[in-house]
Amino acid sequence: MEEFSPLAVEIVENAQKELVDKFEKLDLIGEFNQKKVLDSFYKNKIAEEHFYTVTGYGHDDIGREALDKVYADTFKTESAIVRPHFVSGSHTIACALFGVLKHSDRLVSIAGEPYDTMREIIGSRKTDSYSSSLIGQGVKYSEVPLKNDKCVDFDNIEKYLLSDTKMVLIQRSRGYSLRDSLTIADIEKIIKIVKNKNPEICCFVDNCYGEFTQTQEPTEIGADLIAGSLIKNPGGGIVEAGGYIAGLKKYVDLAANRLTAPGIGSLGGAMHNQTRIILQGLFLAPSITIGALKGAVLASCVFKNLGFRTLPDTNSTRCDLIQTIEFDSIAQQQIFCQMVQKYSPVESYLTPIPDCVPGYDCNLLMAGGSFIEGSTIELSADGPARAPYAIYMQGGLSYYHVKIALKGIVSELLKTNSIHIEVHQ
C-alpha cells in the first residue's frame, strides 16, 4: 500500500489536535452508555445458560427471553423484540408500521420526506410493489414539510395531526438528504407537541444510526416505539443480521405478530445460535459507537478545513453516525469512495462506480469492504451520483481505521489535483 502524502498526514493530524476537548466529551457519553448496558445485563442475571439455543419452533428459549428483557431495560421501556429474522432496518421498521397501522389509519412523517427505501414501504413513491405498501393497503399518509429544507417545522406539526392520525414517524437520521439529523431534544419537543394534540397517537422513532450517540434514547423521553438494525450501532460490529423493536408492550406485540404470526408473536422463532453474539454486540456497542463518532467528527474537521461543506459541522451536537460531505464534482465523490474501498479490510481491490440499487431512483456510489455485508457500523461511504455531490460516511469499528482512511483519501485528492491547499504549522 502506498505511503501517505506528508501534506495529507499533516492535515489529518492537525485536525485531530483541534478535537481533544470534543473527544473527551464523547468519551463521557460512551462511558455513561456502557454503564447503562452493563446495568441491564446485571439486572437480568445474564449467564452462560442464556447462550444456549433451541431448535424447531423455538419454544421455551430462556436466552431469547433474556435478550428481549436486556434490550427493554437498556432502552428504558416496557418491552422489546430482538431477532436475527429481521432482514434489514427497513424490514424491521416495516413490521412496526404494518403491525400498528390498519386500513383508514393515518401515518404522518414529521421530518419531511423519509429516505428512499421507506418511500417504497409507505407507497409515496409508486413502484411495482405499490399494492403491498401501506398506502396500497389503505393507510393514509401525510408529510410535514421541512422548514427551509433543513429542519423540522415545529410550528406547523399540529395542523397535520388530523382526527384519523394513528402514528407519527420521526426519522432520527437524515438519510440521503441535507436536513439536520434530530437530537434527543428535538424528538422530545416533537413528542410533546403530538401528545398535547392527542395522547393516543403512537410516536414511532426510526432510531437507525442514533443508538448510544447521546445519553438518552427516544423511549426515555416519551417515544412509544423505536426500531433499528443490528448491523448498525447496537450490534457492535459483530452481529451478523437482525433488528430490534422496543417500546410499549401493546405496540411491540403488534409488530411481533407482523414478523411471525398472530398467536406466535415473540414467543417463537429459533435463534440459530445468535443469542450470545447479539448480547455481546450490545455490550460492545457503546464503545464501538463512540469510536465511529470520533471518526465522523475527524472527517468533518478535515474536510471543513479543506473548504468543503460538512454536515454536521465539527462543533455540532452528534445524534447519529452519519457524516455528510458536499463535494464540488462527481469526480471528488468517486475518489472519496474509491479510497474508502481501498483502505477497507475486505475487498480492498474493488473500484466503486455509480450503479443502480433496488429501492433508489438514481445511481449510487457505494464503498465499504465490511466483514458483514451492508454493515454500516463498519466504515462505509455512499451517496447518490447527482448534485449536490454529497457523500454520506458512516461507521468505523476502529477510530484508527477511519483516521488511516482519511489520510489515504486526502492523499489521493492531492495527487489528482482535486484539491489545492497549503497547511502551515
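Coordinates for the structure precede this section.
Residues numbered from 1 in each chain as written. Predicted model: local features only at pLDDT ≥ 70, side-chain atom pairs only at ≥ 80, totals over all residues. Heavy atoms only, no water.

1. Description of a nonpolar patch on the surface
Part 1 of the reasoning: A surface patch of nonpolar side chains, about 230 Å² in accessible area, is lined by Leu-38, Phe-283 and Leu-284.
Part 2 of the reasoning: With respect to the helices and strands, the residue Leu-38 is situated in helix H2 (residues 20-43).
Part 3 of the reasoning: By relative accessible area, which is 43% here, Leu-38 ends up partly exposed. (Patch = residues over 30% accessible without salt bridge, like charges linked within 9 Å, V, L, I, M, F, W, Y side chains within 5 Å. Areas by Shrake-Rupley, 256 points an atom, 1.4 Å probe, with all protein chains shown as cover. Salt bridge = Lys/Arg side-chain N within 4 Å of Asp/Glu carboxyl O. Helix = DSSP H or I, 4+ residues; strand = E, 2+ residues; numbered from the N terminus. Buried < 20%, exposed > 50% of the residue type's maximum accessible area, 1.4 Å probe, protein only.)

2. Notes on helix H4 (residues 89-100)
Part 1 of the reasoning: Between the first and last C-alpha of H4 there are 17 Å, a value that for twelve residues agrees with the 16 Å anticipated at 1.5 Å per step.
Part 2 of the reasoning: Most of H4 sits out of view: eleven of its twelve residues are buried.
Part 3 of the reasoning: The complete set of buried residues in H4 reads Gly-89, Ser-90, Thr-92, Ile-93, Ala-94, Cys-95, Ala-96, Leu-97, Phe-98, Gly-99 and Val-100.
Part 4 of the reasoning: Its side-chain oxygen placed 3.4 Å from the backbone nitrogen of Ser-90, Ser-88 serves as the N-cap of H4. (Expected span 1.5 Å × (residues − 1). Polar contact = N/O pair within 3.5 Å; in protein donor to acceptor, adjacent residues only side chain to side chain.)

3. Thoughts on the nonpolar core
Part 1 of the reasoning: Leu-97, Leu-107, Ile-245, Phe-303 and Phe-336 are the most contacted members of the largest nonpolar core, which has 83 residues in total.
Part 2 of the reasoning: Top element by residues in this core is helix H8 (residues 275-305). It accounts for ten residues.
Part 3 of the reasoning: Those residues within four positions of Leu-107 in sequence are excluded, and the remaining contacts are Leu-97, Leu-101, Ile-122, Leu-134, Val-139, Lys-140, Tyr-141, Ser-142, Met-167, Val-168 and Leu-169.
Part 4 of the reasoning: Core analysis: the second largest hydrophobic core is formed by 43 residues, Tyr-71, Ala-80, Val-82 and Leu-279 among them. (Core = buried A, V, L, I, M, F, W, Y, C linked by side-chain atoms within 4.5 Å. Contact = heavy atoms within 4.5 Å.)

4. Comments concerning the pairing of strand S12 (residues 390-394)
Part 1 of the reasoning: Burial analysis of S12 places five of its five residues in the buried class, which makes it a mostly covered element.
Part 2 of the reasoning: Of the two faces of S12, the one carrying Ala-390, Tyr-392 and Gln-394 and the one carrying Ile-391 and Met-393 are both buried.
Part 3 of the reasoning: Relative to S12, strand S9 (residues 323-326) is paired through four bridges, and the arrangement is antiparallel. Within S12, the residue paired with Gln-323 across the bridge is Met-393.
Part 4 of the reasoning: Pairing geometry for strand S11 (residues 380-384) and S12, over three bridges, is antiparallel. Residue Asp-382 lies in a different strand from S12, and its bridge partner there is Tyr-392.
Part 5 of the reasoning: Joining the antiparallel neighbours S11 and S12 is a turn of five residues, in which Tyr-389 adopts a positive phi near 55 degrees. (Pairing = 2+ DSSP bridges.)

Purely geometric stuff here, so don't read any function into it on its own.
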